[in-house]
Amino acid sequence: MSATAPVPQDKKKVSTYCYQCVNGPDLLTVEVIDGIATKVEPNFDLKGEHPADGKVCVKPFGLVQKLYNPDRIKRPMKRTNPKKGRHEDPGWEEISWEEALDIVAEKMNEARAKDVLDEHGNPRLAFTTGGAATPFKYMGSFPALLFAWGPFDQSLGAGGTVKCYHSEHMFGELWHRAFTILPDTPRCEYLISFGNNIDASGGVTGVRRHADARVRGMTRIQFEPHLSITGASASEWVPIKVKTDSAVMFAMLNVMMHEIGLEKLDVEFLRDRTASPYLVGPNGFYLRDPESKKPLLYDNNTKKAVPYDTKGTDPALYGTYTIDKAIEVGADEESWTHDNVEGTTGLDLTKQLVAERTPEWAEGISDVPAETTRRIANDFVAHAHIGEFEEIDGRKVPFRPVATVLGKSVNNGWGGYECVWAHTMMQVLVGALEVSGSMLGSTTHLAGDTDWDRLLTVDVGEDGFMSHTFTPTSKEGWNDAPLNRHANDTLTPMSGNNMGQQLFGSTTIAWLRLQERAAESWPKPNPPDVWFVYKCNPAISFSETDLMGDAMAKFPFIAAFAYTHDETNHYADVIMPEATDLESDQLLRIGGGHYFENHWESEGWALRQAVVPPQNDAKDFSWIANELARRTGLLEAYNSVINGAGCGIPLQGEGYDYSLDITKEHTQDEVWDAVCKAASHDLTGGKEVLDLDWFRENGFKTRPYSRLNWYLYPAIEDRDLRFELPYQERYHRMGKELANRLHETGVNWWDRQLAEYTPLPVWHDLNKLWDELIEKNHDVKAADFPFWLLTGRSMQYAWGANVGIQMMKEVADNVFGHDGIIMNEGKANAMGIENGDIIEITSPIASTRGVACLRQGVRPDVIIMLAQFGQWKTPYAKDLNRPSLNRLVAMDQDYIDGGGASIDGTKVSIKRVGAAQ
Amino acid sequence: MNRFGSKLQTHWDWRAAGNFMFGGTGCGLILMSAAASYPNSLPLALGLQALAFIGLGLFLVWLEIGRPWRALHVFFHPQTSWMTREGSVGTILMPLALAGLFMDIPGLVALSGILGLLYLFCQGRILLASKGIPSWREPAVVPLILSTGLSEGSGLLILTLYAIGMAPIQGWVFFSFIAFLAFRTYSWTTYLGKLNGSKAPKKTLSILNGINPLMLWGANVAPIALLLTSMFISTYTGLLSCLAAALAVAGGWYMKFTIVARASQVQGYSLGKLQKGRPKMKAPVRRKPDSFVFDQKYEKENA
Amino acid sequence: MTRYVMIADLNRCVGCQTCTAACKHTNATPPGVQWRKVLDLEWGEYPDVERLFVPVGCQHCSDPPCMHVCPSTATGQRDDGIVTIDYDLCIGCSYCTVACPYQARYKVDKPRFAYGDTPMESEEIRFDERTMGVAQKCTFCSDRVDAGLEKGLTPGVDPDATPGCVNACIADALSFGDIEDEESNVSELLAENTWFQMHAELGTEPGFFYLWDKELPEELQEKMQGE
């Protein structure tokens, strides 16, 4: 080592991006001195383009250490010990890339020779990744290889449906093309958050927009059991009891509908833009016009029921009316013809639903004082500015600056349906849905895979609503033989059934089935012949993790793309060192409107590029894809997929053709050069065609994106559509049909889930449900597990695969609780537990230990374990000795809701085992 | 949990504490022995012992510093810091005392005794200037350091005189020892009282209050009582006064070790009093790095 | 005259530690050394609890205690108020470290790296032997400020003349600039908001201001002094 810092010979700044989480990409620059990456900085060229002026979050600062980490896998390796198990040494032996790729290709070819599907109809090839699928933003042309392959199984999740906003995704897309939901933060005045930890999970733009909003004076009410990062900066923290959020939301609906009254709500919006006036018949389906089969509403002008799209009507919002003639259409085309039938409006049924759900009732359930609920509901309405408009780019758009947002385990798992419906209804009542200042959606994956611009998916569908495709549940359409191991096409029709939509099926079901713990009447599926694992670690990140490893040990062939050794690739047969964030190339869309708080006023493309050559023997994914495509004889198909839109944009489009010769092998530079040209051509309408070298030099290219595109309302209005709320007729019908199908095939083990398909969500006492399920499934007394164990978002660690990065640990440790278990100080002291003591946490399935981190800002009946630890193999992380919630959370079919999701928490007991060390 | 970041400073450990313990004792000893012997020669054993204590203190500090071979820098800047002043006083004191001792010049010895007092004062001021540590920055720490140095020096003088067989000891030495102990009692009580009335960290207070009984009764009142008793029971004068001296010295060391190495919690962070309006700031006090060394470095870099 | 100060808007800060990380990159500090970091504070009693994130580091006092105690004159101060350390003069006595009321100073005696004794390439190329065994702390990125000024840039406005932490702050909570300039960003922020300086009662007059609008109740101030 030299004595003093050497005088740098060559110093440059290289532009690239970080997409370690869905809030990306964060564009950044890396300083490279004499060929060594030294530091990360924001990309200041984006000032004014990017909502946070090109700043980057804390995670990219870990990338330099990630690059040079001595613990990296340096060369491909193969297992020499055929026995797989947690306590078996895999006997890793370094091999060449040639050998590694030959082994993998041989396994792929063997599988393909048999058939891409196995005898159960499941794909023989499976691919798993994590990070809410953000690893796809790192995979270069590899997805093209997968799609060239044909059916591949993505059901072996790394935590999806448990670690995600599942009910919100499903219903959000149905109702307002909202795979994710966010406030129009730059304009919102009053925001109610039920456990949404946006300051830890909202990325750079989320943090910046909320900070700006606070300074501007936005009120943010935070309901949550522990005072999170976000709660810290909220106007008010309401320490709500776990899993009782829906009670408070129902009570707010009660206040709005029974105390405040319709006249102070957005009558016009309810009448014209929702299904509120649609009349519901005695069988629970819309009363329809016998001729046109269109849903009926009651016209106050003519005093009779008319189809919903009749012009010049004054539809009744409340009331029950007798209709001369109407039909109802139920499940499996069952229909009822009625004479003089009574029909009640959907809004009236909603009002009735919440009639008993008073703030006083909710107080007993949630610990939220009735006065608080009432005050907040009133303030919410008062801030809605009903009747006001804003003009955006010449278009008049309603201005309703109020929003409600939900957090994880509020918006998924049991109770998720109630919560997502209730908070969306709060918005609907004041017309604050998809308009300026209000609650917005972003991104579509189910209605169409356009995560950057959801407006492309708005089409006219049935009954005055947007079109939306569910997996068929009809006799003819339903698939009784699942196409993949979690059976999303068979069990969860809302999750869709194309290859991308597999990610929204219940991945818990897949693992449970492999462990023979679910779907008892179905055969146990085979593990995939070839399982690819990339940028994820399900043996740590999913639930009941001890059993996850056991399941993986039985897989015949696992090919892991690996950064370091970890708890999942411990079971692999071949591991291949991946090029990390700063070592690989990919062109990616930026801007537009996507995910959390990421509505921009520009859109375009940015290049991720290798700022230094890959370390050791790591390889870029596109290179790997090329090699495997050739070895598996899929080169032409692979090139064709790339020419399609396999790298993000078709290479041939209106007025341009940069497509590749499909018969030839192309270097990754040739591929990205073509993609760069196509993307820039498309972006600029052919005015500028920018090649790979241009993007390497300049990093990104954008064009303006109108704020009008942030809102769905104008598109709804233009098509004279209605938001499909409050009544869920389609969902109800689908549930009935699904029940019929399952029962016809002898499936009775999904009945608990089927019961969720009600047209209006029924409030459930979830704490009682949990006690029941614990006793039913685990042979224990529920009273012995009096605490809720929850997790909390760590901005420093989440999704970054950086638990082995020293600097991330160092800076994360400044945020309270990363090194142990957060517990209420008063409660702990009453139990004889002092700060720093070692405590043992026991759930019905497992125990773990950790250091007590005492604080006042957490409910006495709740404990928190931040992030995801519990590593036993990952270098560096395994020595941190930190507890993991995931080991303690049971995987069980009973915990899965109708949509396939379950929550990220469990009931536990606490015992002090020793003094601080 | 240290909510607001109050925790024990670990930058100055037992080595730094050793400087206050032994340096203080050595200074007290050189002063008292000079006074006790003047105008006669100071016995070599006494003088060397005092200098050894001061030297040991400085050596321990030297062990603590990160760049020990640059330690000389300290001696070039008496104007800058109480630490440099301490060092400068030490640099004069040592040769002066050695010259006095070996050349048998009682005047020089007496002068070094006075410098010892100054050295003690510097030590007090070193602590006082440490604004990060509430138990040090308390102004009452200065008389405490002075009084304990003098008490320890007197005690050690008595012990040594007995040890080298130079008893009986002049009466005023006893009386001044009692007076210094009384001064230390007062200083300690005042110091503790002031701290208890301040917003010093709880941990600091609990440690200091924890040693208070031992300090007050064991290290101060008991020696005074023993000394007074010894005046009346002449048979045991030697034993009792030696016991008193040992208690005084050990107590002083224990107290200084505690203050420097154990009860030295930083104050932690806090929010402050809210203000409004654009502030008018004082001009920075400013001090440039030493021009002599700076210029040398500059020349070196540009050579 | 110019006097550089930094401002942290506590209403904006969310404790994400991006500034902490950015500082580590900008100044190549070894593991465990954080010239800039953000505290995660809490006070009150359940359910009336406040949690607050407070960025800390060298406050670049007008009258810095660290400078007065420095025996070697290694700690100095520039005309623009930035408190400096000359690594070549410092003897590493840590006197400044105990004198600083803000726990802003560090001393690392031996090379320290992220993964054991062997530096990664990125660490090796930026390792500076001069920092061993001497005091170190936030410099307000004076090297960036000076380099920027030479190019005619404005510190606190142009990224190339602005401290790394301020550049990196995603909440726009940190600001930097010249308080003597009445028109500057920092002057405007201070004129328009209520603010405090930490431990102002010690007479240090920090060049670091916190925008905030709530005072702690007296009894909590007591508690705040630590446990």
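If you're wondering where the values come from, they're calculated on a predicted model, not measured in any experiment.

### Description of the overall build of chain C
When helices and strands are counted, chain C shows eight helices and 10 strands. In summary, chain C has a C-alpha radius of gyration of 18 Å against a globular reference of 17 Å for 227 residues, a match within 12%. Dimensions of chain C, computed from C-alpha atoms along their principal axes, come out at roughly 50 × 45 × 35 Å. Within chain C, buried positions represent 62% of all 227 residues. A sequence separation of at least 24 residues applies to 55% of the contacts in chain C between residues at least 6 apart.

### Here's the deal with the packing of helix α8 (residues 202-232) of chain B against helix α9 (residues 237-262) of chain B
Residues and elements named next belong to chain B. Taken N-terminus to C-terminus, the directions of α8 and α9 make an angle of 160°; their axes are 8 Å apart at the nearest point. The orientation of α8 relative to α9 falls into the category roughly antiparallel. Both α8 and α9 take part in a crossing whose hand is left-handed. Within the contact between the two elements, α8 uses Ile207, Ile211, Met215, Gly218, Ala219, Asn220, Ala222, Pro223, Leu226, Leu227, Thr229 and Ser230 and α9 uses Thr237, Leu240, Ser241, Leu243, Ala244, Leu247, Ala248, Gly251, Gly252, Met255, Thr258 and Arg262. Tallied by class, the residues present in the contact of α8 with α9 amount to 14 nonpolar, nine polar and one charged.

### Here we look at the packing of helix α1 (residues 14-37) of chain B against helix α2 (residues 44-64) of chain B
Residue and element names in this part refer to chain B. Running from N to C, α1 and α2 cross one another at 160°; their axes reach a closest spacing of 7 Å. Relative to α2, the element α1 lies roughly antiparallel. Crossing handedness for the pair α1 and α2: left-handed. Of the residues assigned to the contact of α1 with α2, the class counts are 15 nonpolar, nine polar and two charged.

### Let's talk about the environment of Leu512(A)
Position of Leu512(A) among the secondary structure elements: in helix α15 (residues 507-514). Not counting residues within four places of it along the chain, the set of residues in contact with Leu512(A) comprises Arg517(A), Ala518(A), Met891(A) and Gln893(A).

### Let's talk about the interface of chain C and chain A
Counting residues at the interface gives 47 residues for chain C, matched by 53 residues for chain A. Looking at the side of chain C that touches chain A, the elements with two or more residues in it are α1 (18-27), β2 (37-45), β3 (48-56), α4 (121-124) and α6 (164-168) of chain C. Considering every element that reaches the side of chain C that touches chain A, the biggest residue donor is α1(C), with seven residues. Looking at the side of chain C that touches chain A residue by residue, the classes come out as 22 nonpolar, 11 polar and 14 charged.

### A closer look at the interface of chain C and chain B
Opposite the 63 residues of chain C that make contact, chain B presents 57 residues. Elements with a minimum of two residues in the side of chain C that touches chain B: β2, β3, α2 (65-69), β4 (75-77), α3 (95-99), α7 (185-192), β9 (194-196) and α8 (218-224) of chain C. Sheet analysis places strand β1 (residues 275-276) of chain B next to β9(C), joined by two bridges and oriented antiparallel. The residue bridging Lys276(B) from the neighbouring strand is Thr194(C), located in β9(C).

What counts as what
Residues numbered from 1 in each chain as written. Chains lettered and ligands numbered in written order. Predicted model: local features only at pLDDT ≥ 70, side-chain atom pairs only at ≥ 80, totals over all residues. Helix = DSSP H or I, 4+ residues; strand = E, 2+ residues; numbered from the N terminus. Rg over C-alpha atoms; globule rule 2.2 N^0.38 Å. Buried ≥ 20, exposed ≤ 12 C-beta atoms within 10 Å, placed from the backbone. Contact = placed C-beta atoms within 7 Å. Axes fitted to C-alpha atoms, helices over the stretch in contact; angles between N-to-C directions. Parallel < 35°, antiparallel > 145°, perpendicular 65-115°, else oblique. Left-handed = near helix turned anticlockwise from the far one by under 90°. Nonpolar A, V, L, I, M, F, W, Y, C, P; charged D, E, K, R; others polar. Pairing = 2+ DSSP bridges.

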